[in-house]
Amino acid sequence: KQEVTQIPAALSVPEGENLVLNCSFTDSAIYNLQWFRQDPGKGLTSLLLIQSSQREQTSGRLNASLDKSSGRSTLYIAASQPGDSATYLCAVRRRQTGANNLFFGTGTRLTVIP
Amino acid sequence: DGGITQSPKYLFRKEGQNVTLSCEQNLNHDAMYWYRQDPGQGLRLIYYSQIVNDFQKGDIAEGYSVSREKKESFPLTVTSAQKNPTAFYLCASSMRGQSGANVLTFGAGSRLTVL
């Protein structure tokens, strides 16, 4: 079974810092990896989707990388802002058919201090 | 604007009662999903449906039921058989089924509390 781990569980940084969030997975046979943002009591908002054939994706101040061989993805946030405070989750879609091939990490709760 | 609407946002239930959570999408997505989120745990799949009138159990289907009579709608019933129903429930949809490259779109969630 695919295990997805996000460390640290929580992170606090001062405004303006660049930061990296980590996601690791145990099975490299994946279709894609998706990063989400979740505000307290809200649903998930998709940030970036990386296909298994890609190395990275960028959207504004966000850059996500994927290294399948090592089972790792990182989400880089440049020039952090208080509005970036949220929980960030990664989800790995595994190469398998059946009822459930999408595996979520437990998330990293980010606080950006003004 | 296209999106997923979940209702109610908050719901309180007495033990022994069934409750139904609504999920409606106007994205013309084929596949719809129900997830449960508990503190400190990743999202867990309850049920999913790839097409109208068809649905499959996820990892934690016991105590839940669903229907998919319309493409736009995928209601979830939490039955009295679910022993620990207090949780945050998330509905999602995507263009195709579980395989492929499709981005999941989520609703805002429904928080169920059992009194």
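Given the structure is predicted, the values throughout are model-derived calculations rather than measurements. (Residues numbered from 1 in each chain as written. Chains lettered and ligands numbered in written order. Predicted model: local features only at pLDDT ≥ 70, side-chain atom pairs only at ≥ 80, totals over all residues. Heavy atoms only, no water.)

A. How the structure looks around the overall build of chain A. When helices and strands are tallied, chain A shows zero helices and eleven strands. Seen in sequence order, chain A has helices and strands lined up from the N terminus as β-β-β-β-β-β-β-β-β-β-β. For a compact globule of 114 residues, the expected C-alpha radius of gyration is about 13 Å, and chain A comes in at 14 Å, within 12% of that figure. Of all 114 residues assigned to chain A, the portion counted as buried reaches 46%. (Helix = DSSP H or I, 4+ residues; strand = E, 2+ residues; numbered from the N terminus. Rg over C-alpha atoms; globule rule 2.2 N^0.38 Å. Buried < 20%, exposed > 50% of the residue type's maximum accessible area, 1.4 Å probe, protein only.)

B. Quick peek at the nonpolar core. Residue and element names in this part refer to chain A. Core analysis: the biggest nonpolar cluster contains 23 residues, and Leu33, Trp35, Leu75 and Ile77 have the highest contact counts within it. Listing elements by their share of this core, those giving two or more residues are β3 (19-25), β4 (30-38), β5 (44-51), β7 (62-67), β8 (72-77), β9 (86-94) and β11 (108-113). Excluding residues within four positions of it along the chain, leucine 33 makes contact with Cys23, Phe25, Leu48, Leu49, Ile50, Leu66, Ser73, Cys90, Ala91 and Val92. (Core = buried A, V, L, I, M, F, W, Y, C linked by side-chain atoms within 4.5 Å. Contact = heavy atoms within 4.5 Å.)

C. Region of the structure containing the interface of chain B and chain A. In this complex, chain B contributes 24 residues to the contact, which on the side of chain A involves 22 residues. For the pair chain B and chain A, the two sides together bury roughly 1,800 Å², of which 52% comes from carbon and sulfur. Our count for the chain B to chain A interface comes out at zero salt bridges. Elements with a contribution of two residues or more to the side of chain B that touches chain A: β4 (31-37), β5 (44-51) and β9 (87-94) of chain B. (Buried area = accessible area lost by both parts, 1.4 Å probe. Salt bridge = Lys/Arg side-chain N within 4 Å of Asp/Glu carboxyl O.)

D. How the structure looks around the pattern of salt bridges. Within the structure shown, the criterion is met by six salt bridges over all chains. The shortest N-O distance in the salt bridge between Asp27(A) and Arg94(A) comes to 2.8 Å. Residue Asp27(A) is found in the loop between β3 and β4, and its partner Arg94(A) is found in strand β9; the two are separated by 67 residues along the sequence. Among the salt bridges present, the one from Arg36(B) reaches Asp38(B), with a minimum N-O distance of 2.8 Å. By the burial criterion, Arg36(B) is buried, and Asp38(B) matches it.

E. Region of the structure containing the sheet that holds strand β3 (residues 19-25) of chain B. All names here are of chain B. What the four strands build is an open sheet, ordered β1-β3-β8-β7; its pairing is antiparallel. Each of the sheet's edge strands pairs with one partner strand only, and the pair in question is β1 (4-7) and β7 (64-66). The mean angle between the axes of side-by-side strands here comes to 20°, regardless of whether they run parallel or antiparallel. Across three bridges, the pairing between β7 and strand β8 (residues 76-78) is antiparallel. Bridge pairing in β8 links tyrosine 64 to valine 78. (Pairing = 2+ DSSP bridges. Axes fitted to C-alpha atoms, helices over the stretch in contact; angles between N-to-C directions.)

F. Region of interest: the pairing of strand β6 (residues 54-57) of chain B. Residue and element names in this part refer to chain B. In the sheet, β5 pairs with β6 via three bridges, with the strands oriented antiparallel. Residue tyrosine 47 lies in a different strand from β6, and its bridge partner there is lysine 57. Hairpin connection from β5 to β6: two residues lie between these consecutive antiparallel strands, with asparagine 53 at a positive phi of about 65°.

G. Unusual backbone geometry, seen in detail. Residue Pro8(A) follows Ile7(A) across a cis peptide bond; omega there is 5°. The peptide bond linking Ser7(B) to Pro8(B) adopts the cis configuration, its omega dihedral lying at -10°. Within the secondary structure layout, Pro8(B) lies in the loop between β1 and β2 (10-13). Even without being a glycine, Asn28(B) presents a positive backbone phi close to 60°. Relative to the helices and strands, Asn28(B) is located in the loop between β3 and β4. Residue Asn28(B) is classed as exposed on the basis of its relative accessible area of 54%.

None of the figures reported here should be taken as evidence of function without further support.
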